[in-house]
Amino acid sequence: MVDVRESTIIDAPSADVWRLLRDFNSHHRWHPAIAASHIEGEGAPDAVRAVRNFRLADGGQLREQLISISDRDTRLSYCLLEAPVPLHNYVAHMRLRPVTDRNACYLEWWSRFDPPAGEVTAMVELVRDGVYRAGFAALQDWFGGVPQQVKPVPLAQSEQETVHPKPRAGHARGIFVESHGGPQNMVSKTFDIPRPGAGEALITQNFAGVNFIDIHTRTGHFNLIRPPAILGMEAVGRIEMLGPDAQGIAVGSRVGYACAPPGAYCSHRVMPLESLVVLPDGLSDAQAAASLLRGVTTSFLTREVHRIGDGENVLIHAAAGGLGQLLVQVCVALGARVIATVGSAEGLVAATESGAHHVINYRRSDFVREVLDLTDGRGVDVVYDAVGAFTFEGSLRAAAIRGHVVSFGEASGEVGIWDIGSFSAKSLRVSRPNYAHYVDRFIEHASTFFTLIEKGAVRVPDPTEYRLEDAGKAHIDVENRAIIGAAVLRI
Amino acid sequence: MARVFVSTVLNASPAAVWRIVRDFNSLPDWTPFVAESRIEGSQPSDRVGCVRIFKLTDGGTVREQLLGLSDYDFTCTYSILESPMAVSDYVATLALAPVTDGNRCFASWEATFECRPEDETALVRQIGEGVFQAAFAHLKPMLAR
């Protein structure tokens, strides 16, 4: 039998920390080793005997059972039922006590278990470092209220030392993904300027938008490119040259596009005319590059996937993000009552400025409970959830009877596997829209979005600009949520 | 039953702090409000059951009995036998626990007691702030490294 006992000070009120910890189904929201979590069966996440089922970040599976919990002592105990490692007879405890002379609390996490003789050191290190210490660091980060630190991602040696070649006349430059992987795999290269074919236009591009889909495309999570290939789904610029039979639009027109296939992170691109939309005067090039894909997404999310009705209660996660800020404004413009969640103090400001009626910092409080309080226990008519693993389970709980949960992104990880039978408890509808399947009405949705801008109902915040060659840095910042709102590449 | 709970983070290991506070006769050394102290009957100060009698700087006298002392858990439990405060059944515990991610400890001091209902708020404040928190505040600079 070995003991592992770890403790730390968390700089947050013990009541706030306990609210997170007492939820036996919350570890995936903050612990880096846990990718997804659900409570087995119908049980509540704070009911003694509840069994939680973890999918680990490394792919393994873990089942743990709550064996005691006390709100009075702010303490809980659980045991391991199944694990991919030999932690026999593992029983663990967490206890929280306030530090009364400052706004902090003392957290202890300890356990006893029987590791096999040859693996004592390895198992103790796994529990102490991989579980408890890593968990403490994540909790401190969670309650720190400061934006997460940008993880230092070393750029490849060649990337650091190469002087980016100046484009020669007649050459275009672009950011190529050499092979699927991290941002260091993005390399600036020149290529011949393409010529437009029938029904196509050559665009000299000024700005390209950076979207989460680009990151998924870079890593290979989405199978959209065969490297080496250029990333990017949206860009704006001017028409440089028209191909044969290209009519209805003039050379020099200011246009934008937002669609597959990827290839927008470059100076010159040929696109079919039907994918182009002429930009309104009220929108700068940078704003357009930051908002076209998101604006079109916002439009089909609120008109096709779910038709927002006047007075509907809407919950929008990640409301401070580039898409979230637009979605809040559009839903408000359509007459909805918008409840927004954000993860930082800066986010609170951004979501409030977007017009959300209620803004919840999901790191500080239990958003499900707040949503239920705000809706007299009824829940919301529709949830827009692009966060994924962190929020999806809560989104299901926050939805009203016959509510609609629209999962359209997985920024924090996959939502996991769900038994659709359980949705009958509230006759829930769950949608998983894919941009590619709604883009057939691109022009219509872009026009709807532009109309809202012209009416003043939607304001596009200025995005954070990066040089095209700094696309890797833009990806790092977007992945680490180091910036508020959208990112664009200046070409 | 009234309850007081006070806690703080001290910049030293629990073993180091324990060296100062475990002696039941050491209050004059590390609190600002005890002028002098002795153990009755020439008993050792770590013998469970011993009684300390000490004079407060404001002139009052207190008698307290050691009920439990643990060098393993770093805890000290005692009761009040006589004091100027209108309390009865007063039992207090001072405890130290390590903060393992740094050379610090979590110090807690709690008490339960009976009193007249109208006195409870004032007594909780007096004991919590005037005694426990004041003693911790006085102890902190002694641990400054």
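Starting from 1, residues in each chain are numbered consecutively following that chain's sequence as written. The naming scheme follows written order: chains are lettered A onward, ligands numbered 1 onward. At least 70 in pLDDT is required for a residue's local features to be given in this predicted model, at least 80 for side-chain atom pairs to be given and counted, and no such filter applies to totals for whole chains, interfaces and linings, which use all residues.

When helices and strands are tallied, chain A shows 12 helices and 23 strands. Partly exposed residues are those whose C-beta has more than 12 but fewer than 20 other C-beta atoms within 10 Å; with 20 or more the residue is buried, with 12 or fewer it is exposed, and the C-beta atoms are placed from the backbone. Taking all 491 residues of chain A together, 46% fall into the buried category. Contact between two residues is assigned whenever their backbone-derived C-beta positions fall within 7 Å. The contacts of chain A with a sequence gap of at least 6 include a subset with a gap of at least 24, amounting to 63%. Under the DSSP-based scheme used, a helix requires at least four consecutive residues in state H or I and a strand at least two consecutive residues in state E, with every element numbered from the N terminus.

Glancing now at the overall build of chain B. Counting its regular elements, chain B contains 3 helices and 7 strands. Seen in sequence order, chain B has helices and strands lined up from the N terminus as β-α-α-β-β-β-β-β-β-α. In chain B, which comprises 145 residues, the proportion classed as buried is 30%. Pairs at least 24 residues apart make up 46% of the contacts formed inside chain B by residues separated by at least 6 positions.

Of the residues lining the interface, 12 residues belong to chain A; the matching set on chain B comes to 13 residues. When contributions to the side of chain A that touches chain B are tallied by element, the ones reaching two or more residues are β1 (2–10), β6 (88–99) and α3 (120–144) of chain A. Of the residues forming the side of chain A that touches chain B, the biggest block, 4 residues, is contributed by β1(A). The class makeup of the residues in the side of chain A that touches chain B is 5 nonpolar, 3 polar and 4 charged. For this classification, Asp, Glu, Lys and Arg are treated as charged, while Ala, Val, Leu, Ile, Met, Phe, Trp, Tyr, Cys and Pro are nonpolar and the rest, including Gly, are polar.

Residues and elements named next belong to chain A. Strands are labelled as partners when DSSP assigns at least two bridges between them. Strands sit in the order β18-β17-β16-β19-β20-β21 across an open sheet of 6 strands; the sheet is parallel. Sheet topology places β18 (358–361) and β21 (429–431) at the edges, where each strand pairs with a single neighbour. Neighbouring strand axes in the sheet, compared pairwise and without regard to direction, differ in orientation by 15° on average. Alignment of strand β16 (residues 313–316) against strand β19 (residues 380–385), held across 3 bridges, turns out to be parallel. Bridging across to β19, isoleucine 316 finds its partner in tyrosine 384. Axis geometry follows a simple rule: fit a line to the C-alpha atoms, using only the stretch in contact for helices, then measure angles between N-to-C directions, giving values from 0 to 180 degrees. The strands touched by helix α7 (residues 322–333) within the sheet are β16, β17 (337–342) and β19, with β16 carrying the most contacts at an inclination of about 175°.

The next point concerns the packing of helix α6 (residues 285–305) of chain A against helix α11 (residues 442–454) of chain A. Residue and element names in this part refer to chain A. Interaxial distance between α6 and α11 falls to 8 Å at its minimum, and their mutual angle equals 95°. Compared by their axis directions, α6 and α11 come out roughly perpendicular. The residues of α11 that touch α6, namely those facing Leu292, Gly295, Val296, Thr298, Ser299 and Phe300, are Phe442, His445, Ala446, Thr448 and Phe449. Residues of the contact of α6 with α11, tallied by class, amount to 6 nonpolar, 5 polar and no charged. Small angles under 35 degrees read as roughly parallel and large ones over 145 as roughly antiparallel, with 65 to 115 read as roughly perpendicular and the rest as oblique.

All names here are of chain A. As defined by bridge partners, strand β10 (residues 200–210) adjoins strand β23 (residues 487–490) across 4 bridges and the pair is classed as antiparallel. Counterpart to glycine 209 in the pairing with β23 is valine 488. Bridge count between strand β22 (residues 464–467) and β23: 4 bridges; the pairing is parallel. Its bridge partner lying in β23, arginine 467 is registered against arginine 490. The crossover handedness rule: strands pointing away from the viewer, path from first strand over the helix to second strand clockwise, crossover right-handed. The β-α-β motif built from β22, the intervening helix α12 (residues 471–479) and the parallel element β23 has right-handed crossover chirality.

Okay, the environment of A:Gly197 next. Residues and elements named next belong to chain A. One can find glycine 197 in the loop between β9 (186–192) and β10. Judged by the 13 C-beta atoms lying within 10 Å of it, glycine 197 falls in the partly exposed class. Residues glycine 197 and aspartate 245 lie 48 residues apart in sequence; the distance between their C-alpha atoms is 8.8 Å.

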